Amino acid sequence: MTDSLTMQGVIYKRGMKTILHDVDLTLTPGKIVGLLGENGAGKTTLMRLITGSAKGKGTTMVNGAASEAERKQYVSFSEQLRGFSGNVKLSRILDFYETVYSDFEADRFTELADFLQIDTSLKLAALSKGMKEKLVIALTLARRTSLYLLDEPFSGIDSMSRKKIINSIIQWKPENATMVISDHYVSEIAPILDEIVVVKDQTIYTHRKADEVREKFNIGIEAYYESLYERGNDYD
Amino acid sequence: MNFDDKIPIYYQIENYIYHEIITGALKPGEKLPSVRQLAVDVTANVNTVQRALSEMITAEIIESKRGRGNFVTMETAKIDQLKVKLVTAQLERVYDQLHALNLSDDEIVTSLQQYIQQRGQAK
């Protein structure tokens, strides 16, 4: 089966500053991958390089496709809806998604919105932070595609909403699709991860299977992740 | 389900289902929920649940029937063996820890008896 994501020798600079270098990353289909790293480590940049909205050097292929147009079709990225005014009704945002994305399934959205208890008669500005994040998740998962990128879906959200979002991920991720979830706080999502990718020192610092970390080092994902930041305590 | 992040998740799911089988919450011959349903029930990933099931299939506690799903074995002897195995594993832990506290075998037996008696009175 074609890999969900292949990145080879990707470099991204902003002006003179190197944000990411020598990025080599391959993700196989059907996985849930935790993208970990400190704030500002380059997690969002990595996601934008995958969708094509940031342009770097090197090769990036999603589901075997290298062109930006094709990649966009195979990736569902959790957009923060900044392009919409607060006055817009959620139903209008839905119409927009249905028009723009041919793989957007209105039925899937309705199911997700029911599960996450989103009131689609509201206006965007009326949503609480947690509710807005739920909407973003529902819109992202309502597309049926190969690669899902969720950029910090749990930041500033209460634990009940977090649990709901985690459950919706388990329930609605298509079997062969791969999902990348970025977070700088790992403990809550650790049980649902197949693999972890750590962005550190402007590159992919490590990429491992989650249960392998537990088996090999007898420590939790969070402890392992934190250990990478303590000098002289490298589990390699 | 609350997982211990230090222990492989598939292993914890495996033990959870074994527990359900030994206590009779899952009966011999009973069909297990679908993999995705189990994943939702325990809040884990589908692949991890699948791995736990594969281990249980290898251990012959679960039978996979093509196109029909996964079933608890009908062979109660296998479930009895599983119970012995899990009980032994628990006892082994207690025994090792008490030994580490320099208790002799006799002292371990005596303290266990005392403990059980106290527990009985507490109820």
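This text follows the structure it describes.
Residues numbered from 1 in each chain as written. Chains lettered and ligands numbered in written order. Predicted model: local features only at pLDDT ≥ 70, side-chain atom pairs only at ≥ 80, totals over all residues. Heavy atoms only, no water.

Thoughts on the sheet that holds strand S6 (residues 147–151) of chain A
Residues and elements named next belong to chain A.
Item 1. Ordered by their spatial adjacency, six strands build an open sheet running S5-S6-S7-S3-S8-S9, and the pairing between neighbours is mixed. The open sheet terminates on both sides in strands that have one partner only, identified here as strand S5 (75–77) and strand S9 (203–209). The mean angle between the axes of side-by-side strands here comes to 20 degrees, regardless of whether they run parallel or antiparallel.
Item 2. Across three bridges, the pairing between S5 and S6 is parallel. The residue of S6 that forms the bridge with Val75 is Leu147.
Item 3. Sheet contacts for helix H5 (residues 129–142): S5, S6 and strand S7 (178–183); angle to S6, the most-contacted strand, approximately 170 degrees. (Pairing = 2+ DSSP bridges. Helix = DSSP H or I, 4+ residues; strand = E, 2+ residues; numbered from the N terminus. Axes fitted to C-alpha atoms, helices over the stretch in contact; angles between N-to-C directions. Contact = heavy atoms within 4.5 Å.)

Considering the interface of chain A and chain B
In many reports, interface size means the accessible area that the parts give up when they come together.
Item 1. Contacts between the two partners involve 24 residues from chain A and, on the opposite side, 16 residues from chain B.
Item 2. Approximately 1500 Å² of surface area, both sides summed, lies buried where chain A meets chain B, with 47% of it carried by carbon and sulfur atoms.
Item 3. Counting the surface chain A buries against chain B, the share from its top three residues, Ile170, Pro191 and Asp211 of chain A, is 35%.
Item 4. On the surface where chain A and chain B come into contact, there are one salt bridge.
Item 5. Arg214 of chain A is the salt-bridge partner of Asp5 of chain B, the closest N and O atoms lying 2.9 Å from each other.
Item 6. Our count for the contact surface shared by chain A and chain B stands at 13 residue pairs in polar contact (both at pLDDT 80 or more).
Item 7. Elements that contribute at least two residues to the side of chain A that touches chain B include exactly helix H6 (159–172), helix H7 (210–217) and helix H8 (221–227) of chain A.
Item 8. When residues in the side of chain A that touches chain B are grouped by element, the largest group, five residues, is from H6 of chain A. (Buried area = accessible area lost by both parts, 1.4 Å probe. Salt bridge = Lys/Arg side-chain N within 4 Å of Asp/Glu carboxyl O. Polar contact = N/O pair within 3.5 Å; in protein donor to acceptor, adjacent residues only side chain to side chain.)

What about the packing of aromatic side chains?
Residues and elements named next belong to chain A.
Item 1. Within the structure shown, the criterion is met by eight aromatic pairs over all chains.
Item 2. A connected cluster of aromatic rings, assembled from ring pairs, spans Phe84, Phe96, Tyr97, Tyr101, Phe104 and Phe109.
Item 3. It is Lys164 that lies over the ring of Phe115; its NZ or CZ is 4.5 Å from the centre.
Item 4. The ring of Tyr205 carries the charged tip of Lys200 above its face, separated from the ring centre by 4.4 Å. (Phe/Tyr/Trp six-rings, centres within 6.5 Å; stacked < 30°, edge-to-face > 60°. Lys NZ or Arg CZ within 6 Å of the ring centre and 35° of its normal.)

Topic: empty space enclosed by the protein
Residues and elements named next belong to chain A.
Item 1. Scanning the entire structure with this criterion turns up one cavity of 30 Å³ or more.
Item 2. Within this model, the largest cavity holds a volume of roughly 30 Å³.
Item 3. Lining the largest cavity, in full, are Leu5, Leu25, Leu27, Val33, Leu35, Leu46, Ile50, Val180 and Val197.
Item 4. Only strand S2 (17–27), strand S3 (32–36) and helix H1 (43–51) provide two or more residues apiece to the lining of the largest cavity.
Item 5. The class makeup of the residues in the lining of the largest cavity is nine nonpolar, no polar and no charged. (1 Å grid on protein atoms, 1.4 Å probe; cavity = no way out; pocket = protein on both sides within 12 Å on 5 of 7 lines; lining within 4 Å. Points joined across faces, edges and corners; volume = space filled by probe spheres on them. Nonpolar A, V, L, I, M, F, W, Y, C, P; charged D, E, K, R; others polar.)

Some words on the packing of helix H2 (residues 35–42) of chain B against helix H3 (residues 46–58) of chain B
All names here are of chain B.
Item 1. Where H2 contacts H3, the two axes come as close as 9 Å, and the packing angle between them is 110 degrees. Compared by their axis directions, H2 and H3 come out roughly perpendicular. In contact with Val35, Arg36, Leu38, Ala39 and Val42 of H2, H3 contributes Val46, Val49, Gln50 and Leu53.
Item 2. Of the residues assigned to the contact of H2 with H3, the class counts are seven nonpolar, one polar and one charged. (Parallel < 35°, antiparallel > 145°, perpendicular 65-115°, else oblique.)

Function cannot be inferred from these measures alone, as they are strictly geometric.
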